[in-house]
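Summary of structural features
Below, each chain spelled out in residue letters.
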Amino acid sequence: MEPVTIREQQISRNQLTKNNWNRCKSHRDHITSLLSQHSPSSLLRSFGAGNCNDLDLHKLSRHYTAIELIDIDLTAMQGAIEQQGIEAKDGIRLVGDTDLSESAFSTEHLADTTISSCLFTQLIEQQPIEFSNNQDAIVRFRAAHLDMLLRTTKPGGTVYFVTDMVSNLTARQLKSISEEQLNGFLSNSISQRNFFTGTNPFGTLQQLKSDPRVARATLLDAWKWELGPRIFAVYGIQAEVKT
């Protein structure tokens, strides 16, 4: 798929979701809490930032000296900056027009904390239809994405891989499941092969644990992300990079 097509697809998605700030509050609070649990640090990098509905930039800018937001859609990030009332003193840098579908992003400025937040499923959706039936290709694609997160993070830093895994379109009981029941519910979904392509948390966790750069990788408790009638189950993996 040509990059311009990918750009148009992502811009369209961001236009549809740019007014979801209030709907994303609980999801945003969860993500912001994860990113703020460490000691104050120099640089946070967020891949696929888009509208930043899942990032409280004011809170995070008090925790990090600098924040780098990366996305193919520069306009969406500029809109997020305006919506959240961010000023130059908040130390936020936008890196737009960046196609992340090839996981080719590189930089000499390594981050203390790196996050890919619900970007992975969007990247998967941009692949040809036959891709979803090729398990080896899916594993390689996910490995390349995880490699991008790890190689742009400092030794001793932290990587968060956060992804939506299933929605109530195929897991209809999701709406009524409590947070306490969610992990068990998702384990059952996995056993029934009911999850978005490439998002099996155990496969992702194993890839990170087997990477020689990773000191420790932990699967975090899942949570729900409610977007009006659409409800997603989301999980995160926290990986500590070796010093």
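Quick caveat: nothing in here was measured; it's all calculated off a predicted structure.

1. Notes on the overall build of the chain
Across its full length, the chain carries 8 helices and 8 strands. Here the C-alpha coordinates of the chain stretch approximately 50 × 40 × 40 Å along the principal axes. Split into buried and exposed, the 243 residues of the chain put 53% on the buried side. In the chain, the proportion of contacts linking residues at least 24 apart, taken out of those at least 6 apart, comes to 74%. Roughly 11,600 Å² of accessible area belongs to the chain as shown, and the carbon and sulfur atoms make up 49% of that amount. Between the mean site of the 24 positive side-chain charges and the mean site of the 27 negative ones, the chain shows a separation of 5 Å.

2. Quick notes on the packing of aromatic side chains
Tallying each qualifying case throughout the model produces 6 aromatic pairs. When the centroid spacing of 5.6 Å and the interplanar angle of 70 degrees are considered together, the rings of Phe120 and Phe161 count as edge-to-face. Of this pair, Phe120 sits in helix α5 (residues 120–125) while Phe161 sits in strand β5 (residues 153–167), and the two are 41 residues apart along the sequence. Each member of the pair Phe120 and Phe161 is classed as buried. Look at Phe131 and Phe141: their rings are 5.5 Å apart centre to centre, the planes differ by 75 degrees, and that puts the pair in the edge-to-face class.

3. Description of the packing of helix α6 (residues 135–151) against helix α8 (residues 201–209)
When two helices pack together, their arrangement is given by the angle between the helix axes and the distance between those axes. It is the contact of α6 with α8, at a shortest axis distance of 11 Å, that shows an interaxial angle of 50 degrees. One way to sum up the angle between α6 and α8 is to call them oblique. When the axes of α6 and α8 are compared, the crossing they make is right-handed. Of the residues in α8, those in contact with Val139, Arg142, Ala143, Leu146 and Leu150 of α6 are Gly203, Thr204, Gln207 and Leu208. Looking at the contact of α6 with α8, its residues break down into 5 nonpolar, 3 polar and 1 charged.

4. With respect to the nonpolar core
Considering soluble globular proteins, one finds that nonpolar side chains tend to be buried as a cluster. Formed by 40 residues in total, the largest nonpolar core has its most connected members in Phe47, Leu100, Leu182, Leu186 and Leu208. Of all the secondary-structure elements, those providing two or more residues to this core are α5, α6, β5, α7 (179–191), α8, β6 (214–219) and β8 (230–241). Here this core takes 7 residues from α6, the largest share from any one element. Non-local contacts of Leu100, meaning those with residues more than four positions away in its chain, are made with Phe47, Gly48, Ile70, Phe105, Leu119, Leu123 and Met148. Judged by nonpolar contacts, the second largest core, of 28 residues, contains Leu34, Tyr64, Ile86 and Trp225.

5. A closer look at helix α2 (residues 25–35)
Among the residues making up α2, those that are buried are His27, Arg28, Ile31, Thr32, Leu34 and Leu35. Down the axis of α2, the smallest arc covering the buried residues is 155 degrees, so these residues share one side.

6. Points about the pairing of strand β4 (residues 111–117)
The buried fraction of β4 amounts to 7 of the 7 residues, a majority that puts the element mostly inside the structure. Judged from the 6 bridges that link them, β4 and β5 form a sheet pairing that is parallel. In the strand pairing of β5, Ser117 is matched with Val162.

7. Concerning the pairing of strand β7 (residues 223–227)
With 4 of 5 residues buried, β7 lies mostly within the body of the structure. Pairing of β7 with β8 involves 5 bridges; the strand directions are antiparallel. Paired with Trp223 across the bridge in β8 is Val234. Count of turn residues in the β7/β8 antiparallel hairpin: 2 residues, of which Gly228 carries a positive phi of about 65 degrees.

8. Observations regarding the environment of Thr197
You can see Thr197 is positioned in the loop between α7 and α8. Residues Thr197 and Ser132, 65 residues apart in the sequence, show an inter-C-alpha distance of 6.3 Å. In this structure, Thr197 is in contact with Phe120, Ile124, Ser132 and Ile138, ignoring residues within four places of it in sequence.

9. Quick look at the side chain of Thr113
Examined against the element boundaries, Thr113 turns out to sit in strand β4. Not counting the four nearest positions on each side in its chain, Thr113 is found in contact with Leu35, Leu43, Leu44, Arg45, Tyr64, Thr158 and Tyr160.

10. Description of the environment of Val95
Residue placement: Val95 occurs in strand β3 (residues 92–95). Through-space distance from the C-alpha of Val95 to that of Leu69 is 6.0 Å; in sequence the pair is 26 residues apart. If sequence neighbours within four positions are ignored, Val95 has contacts with Glu68, Leu69, Ile70, Asp71, Met77 and Phe105.

Quick notes on the rules
Residues numbered from 1 in each chain as written. Predicted model: local features only at pLDDT ≥ 70, side-chain atom pairs only at ≥ 80, totals over all residues. Heavy atoms only, no water. Helix = DSSP H or I, 4+ residues; strand = E, 2+ residues; numbered from the N terminus. Buried < 20%, exposed > 50% of the residue type's maximum accessible area, 1.4 Å probe, protein only. Contact = heavy atoms within 4.5 Å. Areas by Shrake-Rupley, 256 points an atom, 1.4 Å probe, with all protein chains shown as cover. Lys, Arg positive; Asp, Glu negative; His and termini not counted. Charge placed at Lys NZ, Arg CZ, Asp CG, Glu CD. Phe/Tyr/Trp six-rings, centres within 6.5 Å; stacked < 30°, edge-to-face > 60°. Axes fitted to C-alpha atoms, helices over the stretch in contact; angles between N-to-C directions. Parallel < 35°, antiparallel > 145°, perpendicular 65-115°, else oblique. Left-handed = near helix turned anticlockwise from the far one by under 90°. Nonpolar A, V, L, I, M, F, W, Y, C, P; charged D, E, K, R; others polar. Core = buried A, V, L, I, M, F, W, Y, C linked by side-chain atoms within 4.5 Å. Arc of directions from axis to C-beta. Pairing = 2+ DSSP bridges.

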